[in-house]
Number of protein chains: 2
Amino acid sequence: MAGLTKKVTSADVARAAGVSKWTVIRAFDPAAPIAEMTRTKVLAAAAQLDYRPNLLARSLATQRTHLVAILVDDFENPYKLPTLAHLTAALQREGMLGILININDSFDHFAAITDARSRQVDAIVLFGTVFRPEIVARAGSTPCFVLARESTIPGVTSVYTDPVPAMRALGEHLHGRGVRRPAFLRGPRTQSTALGRCREFVSFWAEQGVQVPVINAGVYDRESAAEAVHRWLPTVPGVPGCDALACENDILALGALDALRYRLGLRVPQDIAVVGFDDIDLAAAPSFDLTTYRQPFRDMVEALVQMLTGKRPAETLRLTGDLVLRGSS
Amino acid sequence: MAGLTKKVTSADVARAAGVSKWTVIRAFDPAAPIAEMTRTKVLAAAAQLDYRPNLLARSLATQRTHLVAILVDDFENPYKLPTLAHLTAALQREGMLGILININDSFDHFAAITDARSRQVDAIVLFGTVFRPEIVARAGSTPCFVLARESTIPGVTSVYTDPVPAMRALGEHLHGRGVRRPAFLRGPRTQSTALGRCREFVSFWAEQGVQVPVINAGVYDRESAAEAVHRWLPTVPGVPGCDALACENDILALGALDALRYRLGLRVPQDIAVVGFDDIDLAAAPSFDLTTYRQPFRDMVEALVQMLTGKRPAETLRLTGDLVLRGSS
DNA sequence: ACAGCCTATGCTACCGGTTGCACAAGGATG
DNA sequence: CATCCTTGTGCAACCGGTAGCATAGGCTGT
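Reading guide: rules and limits
- Residues numbered from 1 in each chain as written.
- Chains lettered and ligands numbered in written order.
- Predicted model: local features only at pLDDT ≥ 70, side-chain atom pairs only at ≥ 80, totals over all residues.
- Heavy atoms only, no water.
- Contact = heavy atoms within 4.5 Å.
- Buried area = accessible area lost by both parts, 1.4 Å probe.
- Salt bridge = Lys/Arg side-chain N within 4 Å of Asp/Glu carboxyl O.
- Polar contact = N/O pair within 3.5 Å; in protein donor to acceptor, adjacent residues only side chain to side chain.
- Helix = DSSP H or I, 4+ residues; strand = E, 2+ residues; numbered from the N terminus.
- Nonpolar A, V, L, I, M, F, W, Y, C, P; charged D, E, K, R; others polar.
- Pairing = 2+ DSSP bridges.
- Axes fitted to C-alpha atoms, helices over the stretch in contact; angles between N-to-C directions.
- Buried < 20%, exposed > 50% of the residue type's maximum accessible area, 1.4 Å probe, protein only.
- Least-squares fit on C-alpha atoms with pLDDT ≥ 70 in both.
- Core = buried A, V, L, I, M, F, W, Y, C linked by side-chain atoms within 4.5 Å.

Undergrad: What exactly am I supposed to notice about the interface of chain B and chain A here?
TA: Facing 54 residues of chain B, the contacting portion of chain A comprises 53 residues. When the two sides are added together, the surface that chain B and chain A hide from each other amounts to roughly 5,200 Å², 60% of it contributed by carbon and sulfur. Here chain B is connected to chain A by four salt bridges. The residue B:Arg222 makes a salt bridge to A:Asp281 at a minimum N-O spacing of 3.1 Å. Between chain B and chain A we count 18 residue pairs in polar contact (both at pLDDT 80 or more) in total. Counting residues per element, the side of chain B that touches chain A draws most heavily on helix α5 (residues 80-93) of chain B, at seven residues. Here the residues of the side of chain B that touches chain A are counted per class, giving 25 nonpolar, 17 polar and twelve charged. As paired elements, strand β2 (residues 97-102) of chain A and strand β2 (residues 97-102) of chain B share three bridges and run antiparallel to each other. The partner of A:Gly98 across the bridge, within β2(B), is B:Leu100.

Undergrad: Would you mind going over the sheet that holds strand β11 (residues 317-319) of chain B with me for this structure?
TA: To summarise the sheet geometry, strands pair through backbone hydrogen bonds and adopt either a parallel or an antiparallel arrangement. With mixed pairing, the twelve strands of this open sheet are ordered in space as β11(A)-β5(A)-β4(A)-β3(A)-β1(A)-β2(A)-β2(B)-β1(B)-β3(B)-β4(B)-β5(B)-β11(B). With partners counted over all chains shown, the strands left at the sheet margins are β11 (317-319) of chain A together with β11 of chain B, one partner each. Adjacent strand axes in the sheet meet at a mean angle of 20 degrees when their direction is disregarded. Bridge count between strand β4 (residues 144-147) of chain B and strand β5 (residues 157-161) of chain B: three bridges; the pairing is parallel. In the strand pairing of β5(B), B:Val146 is matched with B:Ser158. Sheet contacts for helix α13 (residues 297-308) of chain A: β1 (67-72), β3 (123-127), β4 (144-147), β5 (157-161) and β11 of chain A; angle to β4(A), the most-contacted strand, approximately 175 degrees.

Undergrad: Is there a simple way to think about the pattern of salt bridges in this case?
TA: Charged atoms that come close allow side chains of opposite charge to pair. Inspection of every chain in the model, using the stated rule, returns 36 salt bridges over all chains. Salt-bridge contacts for A:Asp279 lead to A:Arg294; the nearest nitrogen and oxygen are separated by 2.9 Å. Highlighted residues: A:Asp279 in the loop between β9 (273-275) and β10 (292-294) and A:Arg294 in strand β10, separated in sequence by 15 residues. The exposure class of A:Asp279 is buried, given its relative accessible area of 17%. B:Arg199 is paired through a salt bridge with B:Glu150; the nearest N and O atoms lie 3.8 Å apart. Here B:Arg199 is found in helix α10 (residues 197-207), whereas its partner B:Glu150 is found in the loop between β4 and β5, with 49 residues between them in sequence.

Undergrad: What exactly am I supposed to notice about the relation of the copies chain B and chain A here?
TA: One copy of the chain maps onto the second through a rotation about an axis and a displacement along it. When chain B is fitted to chain A, the residual RMSD is 0.1 Å, and the transformation amounts to a turn of 180 degrees plus an axial shift of 0.0 Å. On this basis, the relationship between the two copies can be described by a two-fold rotation axis. The position closest to the rotation axis in chain B is occupied by the C-alpha of B:Ile99, lying 2.1 Å away.

Undergrad: In this structure, what is going on with the nonpolar core? I would like to understand it.
TA: For soluble globular proteins, nonpolar side chains are generally found buried alongside one another. Counting 127 residues, the largest nonpolar core has A:Leu185, A:Leu245, A:Leu282, B:Leu185, B:Leu245 and B:Leu282 as the members making the most contacts within it. Not counting residues up to four positions away in its chain, the partners in contact with A:Leu185 are A:Ile215, A:Ala217, A:Ala225, A:Ala228, A:Val229, A:Leu245, A:Ala246, A:Cys247, A:Glu248, A:Leu252 and A:Ala256. Within the second largest apolar cluster, 44 residues are counted, among which are A:Ile101, A:Ala112, A:Val121 and A:Ile153.

Undergrad: How should the pairing of β5(B) be read in this particular structure?
TA: Put simply, side chains in a regular strand alternate between the two faces of the sheet. Residue and element names in this part refer to chain B. With five of five residues buried, β5 lies mostly within the body of the structure. Both faces of β5 are covered, namely the face carrying Thr157, Val159 and Thr161 and the face carrying Ser158 and Tyr160. Examined bridge by bridge, β5 and β11 share three bridges and lie parallel to one another. For valine 159, the partnering residue across the bridge sits in β11 and is leucine 317.

Undergrad: Explain the sheet that holds strand β9 (residues 273-275) of chain B here, please?
TA: All names here are of chain B. Taking strand neighbours across the sheet as the criterion, the four strands line up as β7-β6-β8-β9 in an open arrangement whose pairing is parallel. For this open sheet the edge positions go to β7 (214-216) and β9, each flanked by a neighbour on one side alone. Averaged over neighbouring strand pairs, the angle between their axes works out to 20 degrees when direction is ignored. As defined by bridge partners, strand β6 (residues 182-186) adjoins β7 across three bridges and the pair is classed as parallel. If you follow leucine 185 over to β7, its bridge partner there is isoleucine 215. On top of the sheet, α10 reaches β6, β7 and β8 (244-247); it is set at about 170 degrees to β6, its chief contact.

Put into structure tokens, the structure is as follows:
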């Protein structure tokens, strides 16, 4: 019955309770000066009519929507699902909700940011997406944050895992295991520069006097990784042509692992070691048992949400994660 | 500069162009009667000031937000990420955006639906979540859809994969391979009833005169599945105690597969066959090579979005998927 | 020259809240 | 008993659009 009738507004409740609509509003504001008896009367009438304040109208008046745009351009990497879970949960704890925006060929950053701003979102979160400075400029006065990626743009705060200690930890681990001819497998070139993992890994080995070949998978995708490794390894002198494969993230590593074992007939870790980055759930599966570097996703999200609620100053944060040693290395 | 100044409204553009704010609005409406010269002048002024209509104000006036609430309560199952990608893309093609709402212990269906309605969303999508009739009643006049789950509630439209032909196909496949003592591994009991996979699998084998034992993993989680299988199988007479394991979804199947191979030392498929449901990306990995039943996620999403835009009558749809034969059976 | 019509523009009222001010009622104070 | 203060309530104005009516002014037809 209640569902079929027109929407209930504060004026309706006011009429039912015999007060003005402003008094109704006050009844819902714990800090407002209002007689206890009146409040009780109003709340009873509101409950009776199933009144809910219209947040659209409130947002228009207060200039705050408690809405955050979350821009994602790559739904291939499994770590994004649990991280989205953390992010939405953290936002909800703060009374906010996230609008999930899919950046793709027909809806680019430009369109997404324009749309988000028209909707008056309180903030924009670029979650693991590629971006260019001029794109962020479109955000105008809307605060812009980058999650899980380095931001080289001044004024754009980012929270991500510091690649320097991470790649050093992975490098030292491999070096300690006797690795001397490692290769690096990365995804799209543009994104890689924003991650710095390749750069740091290569730089670590340069210190050891080793030049690391870099393989391009082109996309962050298990199958593409498998193909890239399958094509590349046989072209390198030696059997196998390298003794370790460091991958930009776990999903590439899983593809690589499968290609090494099932297409190239190699034993991991005996013939070649494999390490990834992220520590996604499947990395722990005995079938893969992948050595990787765990990103502190939960902490990253918590820090980001504190920044966008203003509970913490907005400044770029580089967090460190943990080396997770498993059987693949 | 533009970012630091106050928000630009139609009145500002009107002032700049020397017209009234209503004329500004008309300039942006292709169907409005307006002199071409005026329109040009207004659009120029708008571009100059970087004016964007405030969709909040528009929504308040038109009573349409073009916002859809997407309720998710389980972020464990990897199929949800690509499906979210499809869903957001499809919504965006229709000029809508999705608010991703995380249902959990501190923010339940009740709170989520109340909040979503206060925000005046055009529709609510329950994406693979458990729900009770009284919860949906809270949606009031806001249309409610269930994606990837059966809805037993009258008036609530759902789009899901028909478990009848699906489990029959899996059952017949296993039967044809000589399986005679299969078991079924499922997740939480409450959700299972809304999926019907267990029911239909058991019923298929009943027709063959076989009673299927049902194992509870408790949660849709790889590790829980592995533990459940590891605990259960040794308690059953015979080595192994069953000759096939059908799992409610792929993520359970991957956990089961690992437990069988690495904890119980069994060979798959020689000693025991394993089949899943969903066809997630990792099911195709050579390490698992899992036989499964592919859900037509893309079609499901497309149909759902057409329903919520009104391009198609809202009625429960049971789609069929495809049996995907691989090496695990 | 004037009715009749059409086009382009302005205006009022409204969507459902918020904000700050005005003011009435009642109690404390001198 | 007048004054001051406190508390509680009503109200106008506003947030930035939309919808539909009113009307000015140009053009056509007779």
